Structure formats: structure tokens, C-alpha cells
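Commentary on secondary and tertiary structure
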Amino acid sequence: AQTVTQSQPEMSVQEAETVTLSCTYDTSESDYYLFWYKQPPSRQMILVIRQEAYKQQNATENRFSVNFQKAAKSFSLKISDSQLGDAAMYFCAYSISTGNQFYFGTGTSLTVIP
Amino acid sequence: AAGVIQSPRHLIKEKRETATLKCYPIPRHDTVYWYQQGPGQDPQFLISFYEKMQSDKGSIPDRFSAQQFSDYHSELNMSSLELGDSALYFCASSFYREQGANIQYFGAGTRLSVL
């Protein structure tokens, strides 16, 4: 069974600093997808970044980047130049393919300190 | 850009009543997913549909049923409601033929409170 683990229930970062959120997963599949979603107080689930397992290059979206270590089954999210609007719950998610469910981690609550 | 539309946004029901949640996917999207998120928890997958057929099934109680219609909108029907059904229910959609993307776009959710 696929499992996703986020070992940091809460994290905090100073505004303009960098923070890294951790995620590990367990799977026997060789092809899959990994995602980070952000859930602000509005509870809307917003896609932050995604990674295809067959791609060795780490995904990057502006201030957000990932460190994907396939052998270690690790998928961490780095947020650079943190902004107040980055404060939210961040969920790591895993999926095998389109049409299949997402497996979510338990989330990391990120606080940005002005 | 059009997003996933869920209605109603809030719903209050009594125990043992029924509830119907609706989801309108992004135009062109053919796959719909339902998730349940309890207070302080991560979203749990319930069920998904592709082209009106069930494509994946998770921890959906037998009291719940869902379907996808010809216009691709979906409805989640919940009967004999229990206090534990109080949660935020998300619908997400994706475009199956957008291979390599596998992105699910989420609606704003329906907050169900069972009293």
C-alpha cells in the first residue's frame, strides 16, 4: 500500500528566509507522480508544484522547488524568500496515474513570521 | 479561468437525514474525484469517475453513493447521516488525456455539519 509521511506537523520561517518541508513515501511502483498542495485558511486546495518520477530533474516553480530523491523515496519542498501569503497547511501527495486517487500526507502547518 | 464548482458551500443536516453534494468540473475535464477531510486531518479519497464510469474507489461508506452524469458533473449522495460525517468534502477534476500531467484541480469544498 502506498503511504505518504510528513514528519513535521509544524514549521515556522522568518519572512524572506528559506524553509524546507519534508515528505517521504512508500511505493513499489516505478512510475508515479508527486505533488505539493497548499491549503490556506480558506481551506481551498491549491497546487504548488508537481514532479513526475521518471524525470530526474527537480521541478521548480518560481520560489518553490523540490528535492526529489527517488532511491530514498524522498520529496522535499523548498520555499525561498518566504512571504506572509505562504502561511498555510502544506500537503504532500502521491498518485500512480491519471484517474487514480491521491494519497496525502498528514500535512505541515507553515507559519511565516514578519 | 473556470474552476471546479461545488454546491452548496455549506450544508447543515440532522442525524439520519440525507444530503446531496454537487460538483461541476472544469470544462473539458472528464474525470471527477471526491475527497473527505475531517477536522485537522488530511483529505481521504472516496471515489472517482471517468467518462461516467467509476474509475477508483476508496474508503467510501456504503451509505454514500455517487455518479457522474452525461455533462460530466457529479453528485455525492449521503444517507443516514452520522455525526462523524461532519467534514469538508472536496471535489477535484482532471483531464484524462492530459497524459503526463495527472493534475487534480480542487473545488472550494462543501462544509457539511451534521447535528
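Throughout, residues of each chain are indexed from 1 in the direction in which the sequence is written. Written order decides the labels, with chains lettered from A and ligands numbered from 1. Totals for whole chains, interfaces and linings use every residue, but because this is a predicted model, local features are given only for residues with pLDDT of at least 70 and side-chain atom pairs only at 80 or more, for both listing and counting. Based on all heavy atoms of the structure, the side-chain values leave hydrogens and waters out of the count.

Things to note about the overall build of chain A
Of the regular secondary structure elements, chain A holds 0 helices and 12 strands. In sequence order, chain A lays out its α and β elements as β-β-β-β-β-β-β-β-β-β-β-β. What the globule rule says is 2.2 Å times the number of residues to the power 0.38, and the radius of gyration is computed from C-alpha atoms. For chain A, whose C-alpha radius of gyration is 14 Å, the value lies close to the compact-globule estimate of 13 Å for 114 residues. Its C-alpha atoms give chain A principal-axis dimensions of roughly 40 × 25 × 20 Å. As displayed, chain A has an accessible area near 5400 Å², and 46% of this comes from carbon and sulfur atoms. When charges are counted, Lys and Arg are positive and Asp and Glu negative, with His and the chain ends excluded. A charge is said to be at NZ when it belongs to Lys, at CZ for Arg, at CG for Asp and at CD for Glu. Here chain A holds 8 positive side-chain charges and 10 negative ones, and the gap between their average locations is 4 Å. Secondary structure elements are defined from DSSP: runs of H or I of at least 4 residues count as helices, runs of E of at least 2 residues count as strands, and each element is numbered from the N terminus. For the area figures, the Shrake-Rupley method with a 1.4 Å probe applies, and any residue is considered shielded solely by the protein chains shown.

A look at the packing of aromatic side chains
Geometry of aromatic contacts follows a simple scheme: Phe, Tyr and Trp rings, the Trp one being its six-membered ring, pair when their centres are within 6.5 Å, and the pair is stacked under 30 degrees between planes, edge-to-face over 60, tilted otherwise. Per the counting criterion, the structure on display carries 18 aromatic pairs over all chains. Between tyrosine 25 of chain A and tyrosine 32 of chain A the ring centres are 5.3 Å apart and the planes differ by 65°, which places this aromatic pair in the edge-to-face class. Overall, tyrosine 32 of chain A belongs to the buried group, its relative accessible area being 3%. Aromatic ring contacts, followed pair by pair, group Phe35, Tyr37, Phe91, Phe102 and Phe104 of chain A together with Tyr35, Phe45, Phe90 and Phe106 of chain B into a single cluster. Criterion for a charge above a ring: Lys NZ or Arg CZ within 6 Å of the ring centre, and within 35 degrees of the ring normal. Positioned above the aromatic ring of phenylalanine 95 of chain B, the side-chain terminus of arginine 28 of chain B is 4.6 Å from the ring centre. Burial classes: relative accessible area under 20% of the type maximum marks a residue as buried, over 50% as exposed, and values in between as partly exposed (1.4 Å probe, protein chains only).

Looking at the environment of glutamine 69 of chain A
Residue and element names in this part refer to chain A. Structurally, glutamine 69 can be placed in strand S8 (residues 64-69). Along the primary structure glutamine 69 and serine 22 are separated by 47 residues, whereas in three dimensions their C-alpha atoms are 12 Å apart. What makes two residues a contact is simply this: any of their non-hydrogen atoms within 4.5 Å. Ignoring any residue separated from it by four or fewer positions in sequence, one finds glutamine 69 in contact with Tyr25 and Ser74.

So, the sheet that holds strand S7 (residues 64-68) of chain B
The strands making up a sheet are joined through hydrogen bonds of the backbone, oriented either antiparallel or parallel. Residue and element names in this part refer to chain B. Note on pairing: two strands pair once DSSP finds at least 2 bridges between them. Strand order across the open sheet formed by 4 strands is S1-S3-S8-S7, with antiparallel pairing between neighbours. Two strands lie at the open edges of the sheet, namely strand S1 (5-7) and S7, each paired on one side alone. When strand polarity is set aside, the average angle formed by the axes of neighbouring strands in this sheet is 15°. Between the N-to-C directions of two axes lies an angle of 0 to 180 degrees, each axis being a line fitted to C-alpha atoms and, for a helix, fitted only over the stretch in contact.

As for the interface of chain B and chain A
Counting residues at the interface gives 26 residues for chain B, matched by 21 residues for chain A. For this document, the term salt bridge refers to a Lys or Arg side-chain nitrogen within 4 Å of an Asp or Glu carboxyl oxygen. At the junction of chain B and chain A, the tally comes to 0 salt bridges. For the side of chain B that touches chain A, the secondary structure elements donating two or more residues are strand S4 (31-37), strand S5 (44-50), strand S6 (53-57) and strand S9 (87-94) of chain B.

Here's the deal with the state of the cysteines
Only a pair of cysteine sulfur atoms within 2.5 Å counts as a disulfide in this structure description. Inspection of every chain in the model, using the stated rule, returns 2 disulfides over all chains. Residue pairing for cysteine 23 of chain A: its cysteine sulfur links by disulfide to cysteine 92 of chain A, the two sulfurs lying 2.0 Å apart. Residues cysteine 23 of chain A and cysteine 92 of chain A are joined through a disulfide that is left-handed, its torsion about the S-S bond being -70°. With a gap of 69 residues between them, cysteine 23 of chain A in the loop between strand S3 (19-21) and strand S4 (24-26) and cysteine 92 of chain A in strand S10 (residues 88-95) connect regions that are remote in the sequence. Considered together, cysteine 23 of chain A and cysteine 92 of chain A belong to a single accessibility category, that of buried residues. Bridging cysteine 23 of chain B to cysteine 91 of chain B, the disulfide has an S-S length of 1.7 Å. Around the S-S axis, the bridge from cysteine 23 of chain B to cysteine 91 of chain B shows a dihedral of about -60° and counts as left-handed. Of the two residues, cysteine 23 of chain B sits in strand S3 (residues 19-24) while cysteine 91 of chain B sits in strand S9, which places them 68 residues apart along the sequence. Given the relative accessible area of 0%, cysteine 91 of chain B is considered buried.

Structural notes on the pairing of S4 of chain B
All names here are of chain B. Where burial is concerned, most of S4 is hidden: 7 out of the 7 residues are buried. Side chains Thr31, Tyr33, Tyr35 and Gln37 project from S4 onto one buried face, and the interleaved Val32, Trp34 and Gln36 project onto a second face that is buried too. Taking the residues between adjacent antiparallel strands as the criterion, S4 and S5 are bridged by 6 residues, where glycine 40 takes a positive phi near 70°. Relative to S9, S4 runs antiparallel, the two being bridged by 7 bridges. Opposite valine 32, over in S9, you have serine 93 as the bridge partner.

These figures come from the coordinates and say nothing about function on their own.
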